[in-house]
Amino acid sequence: MFKLLLFLFFLGLVAAENGLDGWLRYAPIPFAHKHHGHIPDKIVALNSTESSPVNTAGLELQKGFKGIFDKRVKIDDRIHGRHGKGGSSVIVGTVEQYANAGGKADVPSLGNDGFWLDICGSTARILGQNERGALYGAFEYLSRLAQGKISDDTFASNPDAPIRWINQWDNLNEGGTHGSIERGYGGYSIFFDNGTIVPDLTRAAQYARLLASIRVNAVVVNNVNANYTLLTEENMDGLARIADVFRPWGIQMGLSLYFASPEELGGLDTFDPLDERVIAWWHDITDKLYKRVPDMAGYLVKANSEGQPGPLTYNRTLAEGANLFAKAVQPYGGVVMFRAFVYDSKTLNQTLDWRADRANAAVEYFGELDGKFDDNVVVQIKYGPIDFQVREPASPLFANLFETNTAIELQITQEYLGQQCHVVYLPPLWRTILDFDMRVDQKPSLVSDIVSGKRFNRKLGGYAGVANVGTNTTWLGSHLAMSNLYAYGRLAWDPSSDSVEILQDWTRLTFGFDPKVLHTITKLSMDSWPTYEKYTGNLGIQTLTDILLGHYGPNPASQDGNPWGQWTRADSDSIGMDRTVWNGTRFAGQYPSEVAELYEHPETTPDDLLLWFHHVPYTHRLHSGKTVIQHFYDEHYDGAARAQDYVHMWKSLRGRIDKERYEHVLHRLIYQAGHALVWRDSINTFYFNKSGIPDDAGRVANHPYRIEAEDMILGGYLPYAVSPFEAASGATAVVTASNSSTGTAEVELKVPDGKYDLAVNYFDLAIGRSEWSLSVGGREVGRWEGDSEYVLGHAPSPYIDGHSAMRITFENVWVRNGDKLRIVGQADGEEPAPLDYVSVLPVGVVD
Ligand code: GCU
């Protein structure tokens, strides 16, 4: 009976949802009425000024009680208010406010932003060290209630690190265009439009609410590739409006600065950071900003990197550049996050220089500046030495700065990790870095303890997460990707938090209590990063995406010879970057001796970083006993197979999740399964071609169920040599003869009568909406449109390549031997209805 009731309850839950509330849905919990004894009679918020986080906490508690328990609870601002002494209450405020109001409590001493929570029956006291802490405590209490964790408890919680920021890479755009987001896959900017700040900041406030609940305390709202137009008077007014909507949530606003603004906006003939006029200009701008936003968090600066101007132009050091801003914000208590992502792509030459290595840049630029930064500067370091790859060692810069504040930069938006079209739950990856022990001076030196300031006694430090949410109601473009945003906040508060626990809290809050939903999402998410690594780049070779365009689909050849210094040095015999001290780029020597020694030798380097540190033959044997090349082949087959499973796993949740979110996720998982095969075949074909070494299992370049489009009888379709060649099966696709014409591809099927899954691989370019139809034996099986550029959100490609390659599958199609299979493609725009191949698969087989 209980089970039946629970089941009916879950059914009742499945009303359509669009994701806007993220994990803050306050959905009714099972048997809510039974818990009414735990709901207080009133909420006491000890500060009722509208912009105070304590006031926000009161309103949020009210909303939570209504949603979770369907109970309206009144808000008061006095402990013993008009409701009399006797009623139970939840009190929220700062420790000080509570004492001033006559409250007595034995609260342990709290750190900045910390809180104390005391739950006893229907009474609760939520006391923050500051107002923000009180709001965090309220969210913690609500999160427990929303997960049905209704029990007495008393505890204090303090942040591991003071800096827990979000970076948005939002552009202002001009000329009537919406604010775009660099490496954003969830729509347009929620802050900017047509060169200015959007009039309606509702989404910005909703974002602040989500972020406050995970204890993020500041958001840098504009792209690190900044623009001086941000600092016009009109825009400064607009920025003040953003700060106003953030404030009630305890979130401070930060800004990315364009280093050459004094010249380009200020009309000076220089932007030399030591020039008096430049200094005065920045101080003036800073004063103007703080006049409008007295609690501004500070600045974020990307200088002398990827075309951004910086102090090196004037032979000034990066520290001199950083300190210019530090001095301007110092009187206001502001902070300058100065990015360590500095490298000079122009001097990198792979062919001429075996020792050239972009990975060396951060320590080379910043190591010697240790101790030269002002106290309110934090050097913001990407987790790995290159750029958010699927596997990287921890950046050695963390172990080279002892008298400098540092923060780790994590990327929530999945730039190199499937752009929210592939599920990749990131905390397990982040934990490989945060938990890494640098062994500075032979002492425990976890990266998390370095950035928190504990290891080297620094007052400032922490976390910067590049989120890039957009106007899409799912925020990031995908419902499942939101677990990464949630987890970022949880880890920034407590880096020892368990990846599974975080995920399960998020799942309950996002999708409810059904144990099958919880189990399935846990399994799928925890498997997702290893799987993605398997079918993209293995053994530390990097993700192997197209580094020249979009960073999305496969293109291993682009990982060499490029000016960005992201190289694999693959040739016909061997692969990997030799980063040893004795023979390579000497990068390994940037780590403290114990770690350096480990990475110096292939025997002591973990397999998953082998090709990061060593250049070895494809026949090199790993610790596992396999050769490098066979490992590539096997991992790609295994990874792609796991991605197929995700579809089945998700389908098992049909009816247990509201239709809207169920379908949205399903669509993407089906897409991912198809694109995982594109990855598998591209990478395997590429390295087979390069090395000439066949797959022991005979799978690579051997696809018995496949019929290449170019081998079919074509009418109006012409063969087309695809580049990169490995993005198409057999290196060739077919395209319509002109942009407006129709093509047909036909083949007689020679298979025993029966049911088959028919998979069609085609290319959906972002420059048209072609239409295709498939028929068998004169019966139409299905039609589809090339509209994924409007649906998926990954970096668009106008080419027939690894980004645009995708698959559609029609399951259980009845086929008779001799039936004619016919595909008709109708070109649209500049998209010539490209087709790659058809697989006629016995049911259960995928290839
Ligand atoms: C990557 C990313 C860029 C970004 C840069 C950065 O290279 O592709 O879009 O600007 O990192 O972090 O500054």
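The structure displayed is predicted, hence computed values, not measured ones. (Residues numbered from 1 in each chain as written. Predicted model: local features only at pLDDT ≥ 70, side-chain atom pairs only at ≥ 80, totals over all residues. Heavy atoms only, no water.)

S.K.: Any chance you could break down the UniProt feature "active site" (unreviewed entry) in the protein chain for me, citing the residues and the numbers?
M.R.: As annotated by UniProt and renumbered to match this structure, "active site" (unreviewed entry) occupies E306, D387 and E415. Relative to the helices and strands, E306 resides in the loop between β12 (298-301) and α9 (318-329). Residues in contact with E306, not counting those within four places in the same chain, are F341, Y343 and W564. Within the local environment of E306, its side chain forms a polar contact with the side chain of K302, the two groups lying 2.9 Å apart. (UniProt positions renumbered as here; feature names shortened; annotations may be inferred. Helix = DSSP H or I, 4+ residues; strand = E, 2+ residues; numbered from the N terminus. Contact = heavy atoms within 4.5 Å. Polar contact = N/O pair within 3.5 Å; in protein donor to acceptor, adjacent residues only side chain to side chain.)

S.K.: Account for helix α4 (residues 131-146), with residues named and values stated.
M.R.: End to end, α4 covers 22 Å across 16 residues, agreeing with the expected 22 Å (1.5 Å per residue, within 8%). Counting buried positions over the 16 residues of α4 gives 16, a clear majority of the element. Just beyond α4, the residue with positive phi is G148, at close to 70 degrees. (Expected span 1.5 Å × (residues − 1). Buried < 20%, exposed > 50% of the residue type's maximum accessible area, 1.4 Å probe, protein only.)

S.K.: Talk me through empty space enclosed by the protein; I want residue IDs and the actual numbers.
M.R.: In this structure the tally under the stated criterion is eight cavities of 30 Å³ or more. Empty space within the largest cavity amounts to approximately 140 Å³. Lining the largest cavity are 15 residues, and of these A340, F341, A362, P385 and I386 lie nearest its centre. At the level of elements, α10 (361-366) and β14 (377-382) are the ones that each hand at least two residues to the lining of the largest cavity. Top contributing element to the lining of the largest cavity by residue count: β14, with three residues. Looking at the lining of the largest cavity residue by residue, the class counts come to 10 nonpolar, three polar and two charged. (1 Å grid on protein atoms, 1.4 Å probe; cavity = no way out; pocket = protein on both sides within 12 Å on 5 of 7 lines; lining within 4 Å. Points joined across faces, edges and corners; volume = space filled by probe spheres on them. Nonpolar A, V, L, I, M, F, W, Y, C, P; charged D, E, K, R; others polar.)

S.K.: Break down the environment of G844 for me, citing the residues and quoting the values.
M.R.: Summarising the element assignment, G844 is placed in the segment after β29 (835-842). Spatially, the C-alpha atoms of G844 and D757 are 8.1 Å apart, while their sequence positions differ by 87 residues.

S.K.: Tell me about the confidence of the model for the protein chain, residues and numbers included.
M.R.: For the protein chain, the average pLDDT comes to 95, and 97% of its residues sit at 70 or higher. Note on residues 1-14: pLDDT under 50 across the span, and 18 contacts to partners over four residues away in sequence or across chains. (pLDDT = per-residue confidence, 0-100.)

S.K.: Can you tell me about the layout of surface pockets, naming the residues and giving the values?
M.R.: Any empty space left between atoms is shown by rolling a water-sized probe over those atoms. Reported here for the largest pocket is a volume of approximately 700 Å³. The set of elements that each furnish at least two residues to the lining of the largest pocket consists of α18 (628-651), α19 (659-691), β24 (754-763), β26 (779-785), α20 (788-791) and β27 (805-815). Tallied by class, residues from the lining of the largest pocket come to 16 nonpolar, seven polar and seven charged.

S.K.: Give me the lowdown on the nonpolar core, citing residues and values where you can.
M.R.: Ranked by internal contacts, the top residues of the largest apolar core, which has 215 residues, are L485 and W650. Two domains each provide a minimum of three residues to this core, namely domain 1 (26-157) and domain 2 (163-496). Beyond its immediate stretch of four places on either side in the chain, W650 contacts L480, F511, I521, I657, R661, Y662, V665, L666 and L669. V751, W772, L835 and V838 belong to the second largest nonpolar core, which has 31 residues in total. (Core = buried A, V, L, I, M, F, W, Y, C linked by side-chain atoms within 4.5 Å. Domains from an automatic or database assignment.)

S.K.: Tell me what's going on with the sheet that holds strand β3 (residues 89-94), and back it up with residues and numbers.
M.R.: Read across the sheet, six strands follow the order β2-β1-β3-β5-β4-β6 without closing on themselves; strand pairing throughout is mixed. The open sheet terminates on both sides in strands that have one partner only, identified here as β2 (74-76) and β6 (153-157). Each strand axis lies, on average, 10 degrees off the axis of its neighbour in the sheet, ignoring direction. (Pairing = 2+ DSSP bridges. Axes fitted to C-alpha atoms, helices over the stretch in contact; angles between N-to-C directions.)

S.K.: Give me the lowdown on the site of the ligand, citing residues and values where you can.
M.R.: Neighbouring the ligand are 13 residues; E182, K302, R339, K382 and E415 lie closest to it. Here R183 contributes a side-chain N or O atom positioned 2.8 Å from an oxygen atom of the ligand. In this structure, K302 approaches the ligand through a side-chain N or O atom, which is 2.6 Å from an oxygen atom. If the ligand stood free it would expose 310 Å²; the protein chains cover 96% of that surface. (Near = heavy atom within 4 Å. Areas by Shrake-Rupley, 256 points an atom, 1.4 Å probe, with all protein chains shown as cover.)

S.K.: Got a sec to walk through the domain arrangement of the protein chain? Specific residues and values, please.
M.R.: Here the domain parsing of the protein chain yields domain 1 (26-157), domain 2 (163-496) and domain 3 (706-842). Each of domain 1 and domain 3 has a C-alpha centre, and these two points are 58 Å apart.

S.K.: Which residues make up the sheet that holds strand β23 (residues 742-748), and what values do they have?
M.R.: The strand order β20-β23-β28-β25-β26 describes an open sheet built from five strands, whose pairing is antiparallel. This sheet does not close on itself; its edge strands, each paired only once, are β20 (713-715) and β26. Recorded for the sheet is a direction-independent mean angle of 15 degrees between the axes of neighbouring strands.

S.K.: Describe the side chain of S574, naming the residues involved and giving the relevant values.
M.R.: With respect to the helices and strands, the residue S574 is situated in strand β17 (residues 574-575). Only 2.8 Å separates the side chain of S574 from the side chain of H615, close enough to count as a polar contact. Every residue in contact with S574, bar those within four places of it in the chain, is listed here: R569, H615, V616, P617 and Y618.

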